[in-house]
Amino acid sequence: MVSLLALNFHGVKPKFSSPSILKFCCWNSHSLLSAKCLCVCSQNTDDYNSNSNSLSASSPPPAQSSIRSVCSLVCESYYRQISYLRSSPSKLTLQIDPDSLTHDQVTTIVASLAQEAGSMVALSFFYWAIGFPKFRHFMRLYIISATSFISNGNSDRAREVMHYMVTSFSEIGRFKEAVDMVIQMQNHGLTLNARTLNFVVEVALVLDSVDYAEDMFDEMRVRGVCPDSTSYKLMVIYFCRIGRISDADRWLRDMVERGFVVDNATCTLVISTFCDKGLMNRVFWYFNKWNEMGLKPNLINFTSLINALCRRGSMKQAFEMLEEMVTKGWKPNVYTHTALIDGLCKKGWTEKAFRLFLKLVRSDNYKPNVHTYTCMINGYCKEAKLNRAEMLLSRMKEQGLVPNANTYTCLIGAHSKTGNFERAYELMEVMRKEGSTPTIFTYNALVDSLCKRGRFPEAYKLLRTGLKSGLQADRATHTILISELCRQADSKQALAFFSRMFKVGLQPDMHTYNVLIGAFCRQKRMEESEKLFEDAVRLGLIPTKETYTSMICGYCRNRNVSSAFKIFRKMKDNDCTPDSVTYGALISGLCYDSKLDEACQLYETMMDKGLNPCEVTRLTLAYEYCKQDDSATAMVLLERLENKLWIRTVNTLIRKLCSEKKVGVAALFFRKLLDRDRNVDRVTLTAFTTACYESNKYTLVSDLTGRISSGIG
């Protein structure tokens with residue numbers, strides 16, 4: 001029996017179904033606790049050492065005097081510190097060399113102190129002991145301490161020891177072994193409760209052992225412990241923080257079904273995490289449900305919801321939420337106002353935002369902060385109202401607020417877009433003088449505008465300067481360079497930058513892939529485009545409307561309409577809505593393949609969906625029917641257009657027909673045009689007249705001259 005105990009603490013993992021080892025350990029500690037004095041306690045320990053093959057078997061047996069002296073020092077130090085601190089000392093101060101004590105001596109001292117001086121004194125020594133690596137991972141110390149406290153009727157302190165044991169052994173990869181021992185303690189008087197098992201779940205999640213944490217819920221039920229709101233909250237918080245929203249939603253649903261309500265902090269986390277993933281409807285469902293169940297939303301909860309709505313552009317709902325918040329007795333603070341100002345600016349409603357901004361300026365309770373000013377400046381920058389943005393920058397400094405890197409980046413980006421690079425460079429110098437170092441975002445804004453203005457060498461030189469100063473190129477930087485190289489048709493160099501992203505640990509996003517896919521599709525290099533498309537999907541990226549449309553256009557350019565339709569069907573299966581460009585590419589492809597009936601059907605589908613076909617699509621389809629001498633169908637197709645679009649399309653169609661010497665068909669459309677608009681376009685008239693003379697169709701010219709002369713005159 002004794003040798004089994006020694007094996008257990010040499011690392012043999014105890015099983016749930018075999019508590020014999022723990023029984024012996026507890027029995028041994030009880031024998032120690034039954035001693036009447038320190039001397040007897042020491043004698044028991046001597047007997048234990050003489051019969052056991054423990055971790056300290058090679059050490060000499062502890063002398064009675066040493067055990068007594070240590071216990072005496074512990075008591076003296078404890079009461080001296082408690083007298084000085086007027087509370088229980090958080091850490092015991094002992095002038096003892098831990099190397100002078102064996103493992104068995106330490107467990108003996110804990111048991112003796114618990115019996116003779118009480119649990120708190122013993123606990124203070126326990127804390128002292130586990131502060132040293134020598135004893136921190138000695139499991140028997142934790143078990144003897146816990147069983148001693150149980151014997152004293154102090155289960156809370158016993159659970160505290162078990163918590164420390166779980167934490168300590170998780171550090172060395174023996175987490176599950178420690179948990180097994182915690183659960184076995186139930187057989188020896190320590191009633192398991194939700195707090196202890198919640199602690200186990202929390203440590204498991206810190207170790208990313210999420211499967212073990214979920215299994216612990218089943219273990220709770222087996223052991224007769226009901227998971228509480230904290231149990232579920234731990235799981236929800238973990239999944240929210242790692243971005244596994246579906247799992248977080250699953251635990252939240254279970255939590256609601258069991259009648260548990262989240263606290264305000266968890267509510268805020270759920271709102272921000274779910275809203276970042278676009279799950280606003282789900283958030284509102286939970287929010288309303290929690291209100292019904294008794295949650296009283298605070299100012300931070302309401303502000304988080306308002307901010308989420310503003311970021312989505314739902315300003316009407318945001319102001320409705322503001323009204324509800326005020327009704328509940330909460331006054332909006334500067335963060336609430338800033339969220340609304342930012343949302344209004346992003347919608348392009350800067351004047352409304354500025355009125356709210358002025359309200360904040362005139363407030364006695366709250367004043368605009370740096371972020372508020374930055375949101376307002378950014379709003380004006382997006383509308384190219386740079387004089388107002390600069391005015392706000394000056395006003396901000398007058399108020400004693402120091403603009404941050406984001407503030408300057410907004411202005412630098414806006415000036416760069418307008419081509420005022422001189423002011424952009426000047427603002428960068430101001431940033432440095434004020435101690436606000438330009439960030440990679442600042443450089444990205446300048447580099448992007450320089451590239452779009454055809455100043456790539458200057459952009460590249462500027463970027464190299466930023467990188468030499470210690471900045472790291474981010475995903476946006478690489479995407480800007482890749483996009484510029486694609487515009488220059490330098491696909492080899494673009495791919496080199498793309499490969500470099502992976503080497504430096506940057507995963508391209510879908511926008512980066514779209515740039516490359518679009519470039520290869522324009523070059524009719526569909527094999528490279530397909531490979532990039534597959535790579536993006538393999539990485540877990542979700543193709544966008546731009547991705548699918550680029551692929552469809554590429555296939556249609558290659559006269560591979562069947563592959564284009566496969567992508568089109570895949571697009572709809574993935575809930576990605578095609579736009580007029582997507583339909584237009586397919587219609588053009590079908591026209592080139594002379595599949596006019598299918599093209600016409602697709603055209604009608606597009607119109608039924610409320611999408612206006614672009615002029616190229618309208619003209620291509622109508623012209624193809626005219627080539628087939630089916631001008632009647634062409635006219636029917638164009639009839640569904642708005643009057644302005646119809647006139648514009650017919651004018652272009654007439655000119656195109658005239659250039660192809662199809663004067664008779666052009667005349668039919670010309671007559672139709674005169675019925676709707678007497679003010680015929682001069683270019684169209686000239687093209688028609690010229691074509692008639694060249695085709696010797698003089699009667700057509702004379703027939704129409706009388707009808708159109710008044711409209712032109």
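Residues numbered from 1 in each chain as written. Predicted model: local features only at pLDDT ≥ 70, side-chain atom pairs only at ≥ 80, totals over all residues. Heavy atoms only, no water.

### Quick notes on the nonpolar core
Here's step 1: Phe125, Phe669 and Phe688 are the most contacted members of the largest nonpolar core, which has 221 residues in total.
Here's step 2: With nine residues, the top contributor of residues to this core is helix α6 (residues 119-130).
Here's step 3: With near-sequence residues (within four places) excluded, Phe125 lies in contact with Val70, Val74, Leu92, Leu94, Val106, Ile109, Val110 and Leu113. (Core = buried A, V, L, I, M, F, W, Y, C linked by side-chain atoms within 4.5 Å. Buried < 20%, exposed > 50% of the residue type's maximum accessible area, 1.4 Å probe, protein only. Helix = DSSP H or I, 4+ residues; strand = E, 2+ residues; numbered from the N terminus. Contact = heavy atoms within 4.5 Å.)

### Let's talk about the side chain of Ser529
Here's step 1: If you trace the backbone, Ser529 turns up in helix α30 (residues 526-538).
Here's step 2: Classification of Ser529 by relative accessible area gives buried; the value is 0%.
Here's step 3: Residues within four places of Ser529 in sequence aside, it is in contact with Ile517, Phe520, Cys521 and Met551.

### Observations concerning the packing of aromatic side chains
Here's step 1: The full count for this structure, using the stated rule, is 27 aromatic pairs.
Here's step 2: Note on Phe125 and Trp128: the rings are 5.4 Å apart at their centroids and 25° apart in plane angle, and the pair reads as stacked. Within this pair, Phe125 and its partner Trp128 are both found in helix α6, separated by three residues, close to a single helical turn.
Here's step 3: Look at Phe125 and you get buried, because its relative accessible area is 0%. (Phe/Tyr/Trp six-rings, centres within 6.5 Å; stacked < 30°, edge-to-face > 60°.)

### Examining the packing of helix α29 (residues 510-522) against α30
Here's step 1: Running from amino to carboxyl end, α29 crosses α30 at an angle of 165°, the nearest separation of the two axes being 8 Å. Viewed along their axes, α29 and α30 adopt a mutual orientation that is roughly antiparallel. Crossing geometry of α29 relative to α30 is assigned as left-handed. Counted together, Met510, Tyr513, Leu516, Ile517, Phe520 and Cys521 of α29 and Met526, Glu528, Ser529, Leu532, Phe533, Asp535 and Ala536 of α30 form the full contact between these two elements.
Here's step 2: In terms of residue class, the contact of α29 with α30 is built from 10 nonpolar, one polar and two charged. (Axes fitted to C-alpha atoms, helices over the stretch in contact; angles between N-to-C directions. Parallel < 35°, antiparallel > 145°, perpendicular 65-115°, else oblique. Left-handed = near helix turned anticlockwise from the far one by under 90°. Nonpolar A, V, L, I, M, F, W, Y, C, P; charged D, E, K, R; others polar.)

### Topic: the pattern of salt bridges
Here's step 1: A full pass over the atoms with the stated rule returns 41 salt bridges.
Here's step 2: Measuring nitrogen to oxygen at the nearest pair gives 3.7 Å for the salt bridge that ties Glu76 to Arg80. Of this pair, Glu76 and Arg80 both sit in helix α4 (residues 64-85), four residues apart, which is roughly one turn of that helix.
Here's step 3: Exposure remark for Glu76: the relative accessible area of 48% places this residue in the partly exposed category.
Here's step 4: On the basis of relative accessibility, which here comes to 48%, the residue Arg80 falls in the partly exposed class.
Here's step 5: In this structure, Lys627 engages Glu624 in a salt bridge whose closest nitrogen and oxygen atoms are separated by 3.8 Å. (Salt bridge = Lys/Arg side-chain N within 4 Å of Asp/Glu carboxyl O.)

### Quick word on the side chain of Thr512
Here's step 1: You can see Thr512 is positioned in helix α29.
Here's step 2: When near neighbours in sequence (up to four residues on either side) are disregarded, Thr512 contacts Arg475, Thr479, Ile482, Phe498 and Met501.

### Notes on the environment of Val106
Here's step 1: Within the secondary structure, Val106 sits in helix α5 (residues 103-116).
Here's step 2: Residue Val106 is classed as buried on the basis of its relative accessible area of 0%.
Here's step 3: Separated by 39 residues in the primary sequence, Val106 and Ile67 have C-alpha atoms spaced 8.9 Å apart.

### Things to note about helix α35 (residues 615-627)
Here's step 1: Spanning 13 residues, α35 covers 18 Å between terminal C-alpha atoms, matching the ideal 18 Å at 1.5 Å per step.
Here's step 2: Considered for burial, the residues of α35 that qualify are Thr617, Arg618, Leu619, Thr620, Leu621, Ala622, Tyr623, Glu624, Tyr625 and Cys626.
Here's step 3: Next to the buried residues of α35 lie α33 (580-592), α34 (596-608), α36 (631-639), α37 (643-659) and α38 (663-676).
Here's step 4: Note on α35: the residue one or two positions beyond its end, Asp629, has a positive phi of about 60°. (Expected span 1.5 Å × (residues − 1).)

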